[in-house]
Each structure stands twice: as C-alpha cells, then as structure tokens.
Amino acid sequence: MKTYLGIDVGSVTTKLALLDQDNQLITANYLHTQGKPIAVIQEGLKQIERQMPPNAEICGVATTGSARYLAGVIMGADLVKNEITTQAIATMHYIPNVRTVIEIGGQDSKIIIIRDGIVTDFGMNTVCAAGTGSFLDHQASRLNVGIEEFGQRALKSKMPVRIAGRCTVFAESDMIHKQQMGHQTEDILYGLCQALARNYLNNVALGKEIQPPVVFQGGVAFNQGMVKALEENLNTQIIVPPHHEVLGAIGAALLVHEETDINGNKTQFRGFSTSEAKYHTSAFECKACPNQCEIIQLSLNGKVLARWGGRCDLWERTATSHKDL
Amino acid sequence: MTTRVGIPRALLYYQYYPMWQAFFEEFGVETAISPPTTKDIVTSGCSRTVAETCLPVKIFCGHVLSLADKCDYMFIPVIRSMGKNAYNCSKLLGLPDITKAVIPESPPILDIEIDANKSKYSLYRAIYSLGRHFTKNPLRIEKATKKAWKIYLAYRQKMSSEGLMPTQITDKMCDKRHQVDLAENDSPPLLNIAVIGHPYLIYDDYINHRLITQVQAMGAKVLTPEMVSEQALDAAMTSLVGNPRWTYEADVVGAGGYYLQTKVDGIIGLAAFACGPDSMMMNIIQRRARQLKAPFLYLTLDEHTAEGGMLTRLEAFLDMVKRRKRGQSCA
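Residues numbered from 1 in each chain as written. Chains lettered and ligands numbered in written order. Predicted model: local features only at pLDDT ≥ 70, side-chain atom pairs only at ≥ 80, totals over all residues. Heavy atoms only, no water.

Student: Explain the domain arrangement of chain B here, please?
Tutor: Many structure descriptions define interface size as the accessible area lost when the parts assemble. Residue and element names in this part refer to chain B. The assigned domain composition of chain B is domain 1 (4-159) and domain 2 (184-330). The C-alpha centroid of domain 2 is placed 27 Å from the C-alpha centroid of domain 1. Tallying the contact residues gives 29 residues for domain 1 and 26 residues for domain 2. Roughly 2,100 Å² of surface becomes buried between domain 1 and domain 2 when both sides are summed, with 60% attributable to carbon and sulfur atoms. Looking only at domain 1, the three residues that lose the most surface to domain 2 are Y14, L55 and R156, adding up to 27% of its buried area. If you look at where domain 1 meets domain 2, you find 2 salt bridges. (Domains from an automatic or database assignment. Contact = heavy atoms within 4.5 Å. Buried area = accessible area lost by both parts, 1.4 Å probe. Salt bridge = Lys/Arg side-chain N within 4 Å of Asp/Glu carboxyl O.)

Student: What am I meant to see in the interface of chain B and chain A here?
Tutor: On the side of chain A, 27 residues touch chain B, which itself brings 24 residues to the contact. When the area that chain B buries against chain A is broken down by residue, the three leading residues are K39, R313 and R323 of chain B, summing to 24%. In this structure, the connection of chain B to chain A is made through 4 salt bridges. The salt bridge partner of D319 of chain B is K81 of chain A, with a shortest N-O separation of 3.1 Å. Taken together, the connections running from chain B to chain A amount to 8 residue pairs in polar contact (both at pLDDT 80 or more). For the side of chain B that touches chain A, the elements supplying multiple residues, two or more each, are α2 (39-48), β10 (296-301) and α14 (308-330) of chain B. In terms of residue count, the dominant contributor to the side of chain B that touches chain A is α14 of chain B (12 residues). (Polar contact = N/O pair within 3.5 Å; in protein donor to acceptor, adjacent residues only side chain to side chain. Helix = DSSP H or I, 4+ residues; strand = E, 2+ residues; numbered from the N terminus.)

Student: Please clarify how the sheet that holds strand β11 (residues 279-285) of chain A should be interpreted in this entry.
Tutor: Two pairing modes exist for strands in a sheet, parallel and antiparallel, and in both the strands are linked by backbone hydrogen bonds. Residue and element names in this part refer to chain A. Spatially, β11-β12-β13 is the arrangement adopted by the 3 strands of the open sheet, whose pairing is antiparallel. Each end of this open sheet is capped by a strand with a single partner; those strands are β11 and β13 (303-308). Taken over all neighbouring pairs, the strand axes of this sheet differ in orientation by 25° on average, direction set aside. Looking at chain direction, strand β12 (residues 294-300) and β13 are connected through 5 bridges and run antiparallel. In the sheet register, L298 faces β13, and the bridge partner there is A306. In the packing of helix α2 (residues 68-75) onto the sheet, the strands contacted are β11, β12 and β13, and the crossing angle to β13 comes to about 160°. (Pairing = 2+ DSSP bridges. Axes fitted to C-alpha atoms, helices over the stretch in contact; angles between N-to-C directions.)

Student: Before we go on, may I ask you to explain the state of the cysteines in this structure?
Tutor: Linking two cysteines covalently through their sulfur atoms gives a disulfide. All names here are of chain B. Tallying each qualifying case throughout the model produces 0 disulfides over all chains. Left without a disulfide partner, C54 is nearest to the cysteine sulfur of C275, which lies 6.2 Å away. We classify C54 as buried; its relative accessible area is 10%. (Disulfide = S-S within 2.5 Å. Buried < 20%, exposed > 50% of the residue type's maximum accessible area, 1.4 Å probe, protein only.)

Student: What am I meant to see in the confidence of the model for chain B here?
Tutor: Keep in mind that low pLDDT regions are not for reading the predicted coordinates in detail. Residues and elements named next belong to chain B. Taken over all residues, the pLDDT of chain B has a mean of 88, while the share at 70 or more is 93%. Mean pLDDT across the secondary structure elements of chain B bottoms out at helix α8 (residues 166-174), with 80, and peaks at strand β3 (residues 73-75), with 95. The low-confidence segment residues 176-183, where pLDDT is below 50, has 9 contacts with residues more than four positions distant or belonging to other chains. (pLDDT = per-residue confidence, 0-100.)

Student: Can you walk me through the pattern of salt bridges in this structure?
Tutor: In a structure, side chains of opposite charge can pair up when their charged atoms sit close to one another. Residues and elements named next belong to chain B. In the structure shown here, the tally under the stated rule is 24 salt bridges over all chains. The salt bridge partner of K58 is E303, with a shortest N-O separation of 2.8 Å. Within this pair, whereas K58 is found in helix α3 (residues 55-67), its partner E303 is found in the loop between β10 and α14, the two being separated by 245 residues in sequence. When its relative accessible area of 6% is taken as the criterion, K58 is described as buried. Between E230 and R156 there is a salt bridge, with the nearest N and O atoms lying 3.4 Å from each other. Here E230 is found in helix α11 (residues 230-241), whereas its partner R156 is found in helix α7 (residues 138-162), with 74 residues between them in sequence. A residue is classified by how much of its surface remains accessible, and R156, at 11% relative accessible area, is buried. Counted as one network, the salt bridges with shared partners bring together E25, E26, K143 and K147.

Student: It is not clear to me how the environment of S239 of chain B should be interpreted in this structure. Could you clarify?
Tutor: All names here are of chain B. By the element assignment, S239 lies in helix α11. When the C-alpha positions of S239 and N88 are compared, they lie 21 Å apart, and in sequence the two are 151 residues distant. Within the structure, the side chain of S239 is placed 3.0 Å from the backbone oxygen of A236, a separation counted as a polar contact.

Student: I tried to follow the pairing of strand β9 (residues 214-217) of chain A on my own but got confused; where do I start?
Tutor: Residue and element names in this part refer to chain A. Where burial is concerned, the two faces of β9 agree: the one with V214 and F216 and the one with V215 and Q217 are both buried. Here 2 bridges tie β9 to strand β10 (residues 238-239), and the two strands are oriented parallel to one another. Along β10, the bridge assignment pairs V214 with I238. One crossover worth recording links β9 to the parallel β10 by way of helix α8 (residues 224-234), and it is right-handed. (Right-handed = clockwise from strand over helix to strand, strands pointing away.)

Student: For this particular structure, what's the right way to read the packing of aromatic side chains?
Tutor: Note on aromatic pairs: each is described by the distance of the centres and the angle between the planes. Inspection of the entire model under this criterion finds 17 aromatic pairs over all chains. Residues W20 of chain B and F75 of chain B carry aromatic rings whose centres are separated by 5.2 Å and whose planes lie at 85° to one another, so their mutual orientation is edge-to-face. With a gap of 55 residues between them, W20 of chain B in helix α1 (residues 13-25) and F75 of chain B in strand β3 connect regions that are remote in the sequence. The class of W20 of chain B is buried, set by a relative accessible area of 9%. Ring plane angle 50° and centroid distance 6.4 Å describe the contact between F296 of chain B and Y298 of chain B, whose orientation is recorded as tilted. What links up through ring pairs into an aromatic cluster is the set Y16, W20, F23, F24, F27, Y73, F75, F134, W149 and Y152 of chain B. The ring of Y190 of chain A carries the charged tip of K228 of chain A above its face, separated from the ring centre by 4.8 Å. (Phe/Tyr/Trp six-rings, centres within 6.5 Å; stacked < 30°, edge-to-face > 60°. Lys NZ or Arg CZ within 6 Å of the ring centre and 35° of its normal.)

Student: Whenever I open this one, empty space enclosed by the protein confuses me. Can you help?
Tutor: Remark: the empty space left among the atoms is shown by a probe the size of a water molecule rolled over them. All names here are of chain B. Here the structure, examined in full by the defined rule, presents 3 cavities of 30 Å³ or more. Taken together, 18 residues make up the lining of the largest cavity; nearest its centre are N88, C89, L92, H198 and Y200. Mapped onto the lining of the largest cavity, the elements with two or more residues apiece are α3, α4 (90-93) and α13 (276-291). Take the lining of the largest cavity: its biggest share by element is 3 residues, from α13. Here the lining of the largest cavity is composed, by residue class, of 13 nonpolar, 3 polar and 2 charged. Together, I7, P8, A10, L11, L12, Y13, W20, F60, F75, I76, P77 and L95 line the second largest cavity. Split by residue class, the lining of the second largest cavity holds 12 nonpolar, no polar and no charged. (1 Å grid on protein atoms, 1.4 Å probe; cavity = no way out; pocket = protein on both sides within 12 Å on 5 of 7 lines; lining within 4 Å. Points joined across faces, edges and corners; volume = space filled by probe spheres on them. Nonpolar A, V, L, I, M, F, W, Y, C, P; charged D, E, K, R; others polar.)

Student: So what exactly am I meant to see when it comes to the environment of M52 of chain A here?
Tutor: Residue and element names in this part refer to chain A. Within the element layout of this structure, M52 appears in the loop between α1 (37-51) and β4 (57-64). Residue class for M52 comes out buried when judged on its relative accessible area of 13%. C-alpha separation for the pair M52 and V227, spaced 175 residues apart in sequence, amounts to 33 Å.

And the structure:
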C-alpha cells in the first residue's frame, strides 16, 4: 500500500499524519515539541512506524511548520511547504465549500480567506503573540486550571468578566484584579476566551472579509469556550473540522501525494532508521564579513548534513556538497 | 590633499547618489560611501538613537558612524518638499540636527534644504551655499548643478527604460566588489511581482532580509517603483488620491496604483515599523487592491534578525498567487 507522510513541526506541538493513496487518514500523532524538535520528530517517526499497517510503504514525505527546514533535512523530505498553504489545502479537503479559515496555534494565528477553492487572501499575527494559544496557556497556569479542562469550565460561565485582550501583559494585570475582586474562575476563563477572540478579530482578521462557512482549527480549537466566543463575536456557526489539530500535517501529505503523482519521482525519505540516528546541531558565528551571521549546523555521525542561518549562501553551499551522505 | 565628502549608504542615497557624486566631482571633491548595511552598522546606529526612532533612521546613524573618521564633511541633504503642499517626514527633515545631536564626532555636516514651495531664488541660494564650501566661483557651481541634474535625469531614465534597480547602477559606480549579481534566467518568469515602498527599504538587503533575491529565487520577476517613469507614477498617484501629501508618496501610492493598473500577479508592500506616512500610504493601496481583488502582501520591517516569519509569508503569498493564476487559467 502506498502511503504519504506529512509532518508539521510547530513551536509548541509537532504533528504527524499518514495518508493512504485515497487520501484517507491512516494514523496521526500529536506531540509536544518542548523545544527539542529533532528528538520529537524522531519520537513521532517511531510511533508512526508502530502504527503503520504491515504492507504500507512510504512514497512521499513533506514537512511544514516553523521548523520545516530542519525537519525536511532530517527526514529527507520531498517537499517543504509553508503552513498557510498546507492548512488551506487540508481544510478544503474536508470542508470543500469553506470560505474562511481561522487557525489559532501555539505561537501564531492565521486567517485564510478562500473563494471558490482558491486562497485569495491571508493574514498572520504580527510580532506580538497575544492572539495565540500561548496566551490562554499562560493565563490558565496562573489560575491553576489545566489547559485540557479550560474549555469545559469556561462554558459553565454565567457572567463572563471583561478582560483587556490587547496585550498579554495588560490582560494579566486585568485578570489578577478581577480574580482578587472575587469573580468566579469560570467567569474569568470565559472572559479570557472572549478577550482572545476579540484580539484575534481586531488584529489578525482586521479588514478581512469573513464569510461563512467559517472553519476553526489548530490546537486552540479543542477549547469549546473559544468556539463559543468566536460564534458570539461573528454571529455565525463555527465548524471545527475532523482532525483539526493535525490539519497542517495532513495538508503537507496531500501536497506531496499530488506532487509525486505529477512528477513520478521516488521519495527521498531517509527511512525509519532516522529515528535512531544521532543528530547534532551546533552554532557558530561566521567571520567572513561584518554581518557575523549565526550559522546553525546539523550533523549526523559527525558529518555535516546542512547549514543555514546565513545572509549569503557561503555556508549553505559548502553543506550541499555533503547532501548525498 | 583632496577633500572627501562622506555619503551614508542609507535613506536618500538610493535615489540621488549619482547626482550628488556628479556635483561634488565638478569641484574635484571625492565622495566616500559607507559599506552596505551590516550587523555592526545597525547595532551602532541603534545604540545612539532613542527606541522610538524608525529603523531606517537608526541605520542611517550607523552609516554616519562608520564614515565619521573617513571624511572631511558629512553630506546630509534635507528634501523638505518636491511638490506643492507635499512634505517629507519630520525625521527626514531633522536629519542633520539628529545627526549632530547623537553623533558629535561626525565631521562638519553639509546640509542643503530643498523646498519646492519656496521660490526658485531660494533653491539657487541653497545650492550656492553648498557649493561655496568648495569654490567662490558661482559659474562653477552653476555648471556643477546643471551637470548633476542631467546625470540624475539620465539615471532615472535608464532605470525606467531598462527596468533596472538603483543598486544595479550605483554599485558599479562606487564599489566593484558589491555588484549585485543578478542571474539572468533564460526561461520567462512564472510571475511578475511588484515590490513597492521607499528605496531605502527595497534595496537595503540587510533591512529586508534579501527580499528581492528571495522572491527571485521563488521564480518571480521583481518590479520596483524605480522601473516606472516619474510621469507614470505621478499619473497613477493622481488618479488614486489627487494631490500627494508626502514627498515620496509616488514610491508607495504611485507605484502601487501603477502596478495595480498594469495587472501584475501580486504586489508586496514594504514599510518600516513606526513609520507614520507609510502606514497611511500603504493603507490606500491595500484598500484599492482589495477592491480590485488583487493579491497584496503587507510586510512591516523592524529589528528582527530571524527571517523565518518573513519567509513563511513570502512563500505563502507566492503559493497563493501561483494557485490563483492556475485556477484562473483553468476557468
């Protein structure tokens, strides 16, 4: 059986998805990146290997997410794709008539506008991480509420409190104030959801034409409180698609399937033994010019696989000569 | 010993360097250019200026610092206005004073104020007092001015008629080592992408994380405001907003309007974070692009050193444009 593997290495979580040749999901994994992308990719590969049907063969690998280049080198990916394109492709696969995609992840959030099956506009959060999952994560830990039970408890709120959502630092002092006034934790939790929804709509989605069907995905879509807050704000039904937390990985797998079908190339996948290999990254400052770029070097058993981080291709060029190792 | 005038490779440099060089050359004065922006230049500039200053001005100060001990004068012209009731940003107007305040070790500053709202006489007087540093003969100053203007017109004309970027001309003039090596691809580019914004953002590879090279590497031809004649830019600007409010509005509103009319595949707007005029001018183009359903990507540049965020947006933008184009050609 031919299968296609997509890996989405985000800042907070790493997602892997394996599709068969009819683009049906065979298995998916959702792991915490914990600042160690390489180890997590290897762990994810091990899990996929265990979960794979015995007759399956990997015919294409694609990576996406903020560590897509690193993951691409480690895996021997056939395709390295940005997360906006992969998310859009996967959403259209499950909800073909989608017109608006709201994606809220750990460190970034996006809006993708789709008309007639084509992405026509998109937006991402700017330098500030206020409108993202880490905002909820951070505040939940302050209130000593696990992020898993956050949504359910928020739904119990009867009189949500108003919390300034423009900036996490402001929100925090506002929230502490409300907490010390004696408000119920449930009301504060739902207040936070509303603050995040407002923040998202006023920043990331500012000026975008939000038309139904509206699909909400990414890790934060687990939070029922957020779904409700967005529905209230937008006055429309919010669809949370199946496998919403691994859609980036699914999109990557869909794209690499499409591409290998067109060009007929054999996969560059390094095989499951990759999960046992000893990868090592090191950094150094290039002295060739006054820019002093920080070059990252990825090596396997002492041999350099790739280098990146430079403003010119001086170091990347030297690395490609080792690519066949 | 020949006198050396320092010209920072920042802000107005990209628009006017050949003109300035020609002017000073007439008096036998050498020009010293600072090197292309580096990490050191940015760091030293940022360390002297207050946090609220925009990145281009911080970088400008870094360039002045790198030239401070290499020249006898520092040339910092002030372009107050180039057209009726259109003025430049206050930071650019105060540039000689900012420099004096934050870089006391700078050699004497040569400033000249150009203001189209004042009489022709005041323009002559401004140029004359600049030339007076090198000669007492007004005829020589007049000759230098005429020559410099001719050079400027030729420079502008060459860029718009041959589709060149300023750096493709100026880099040859001032430093052979930094020639931009634009690999000419024989196959026609898949996409035409216009990059609009001020030249000091578009052509400074450090500030924009090699945006032009990156877009070209993704298979697109890059079009910039300088590749359009001033008349065409002005016409496009007038049809959008009437009379401009800002001196360099043509870089943004003119170029954006022009490239929207000519139906390029996509437009990338480059602006500096904390730039007031840019935030307003880009908004005009953003709205117009939305009306016309034209792909528009707005990138704000600041002191970030990680280019990942920009790459993700660029890749997604070009993917979007490619898929849209494919979808349209199928329909």
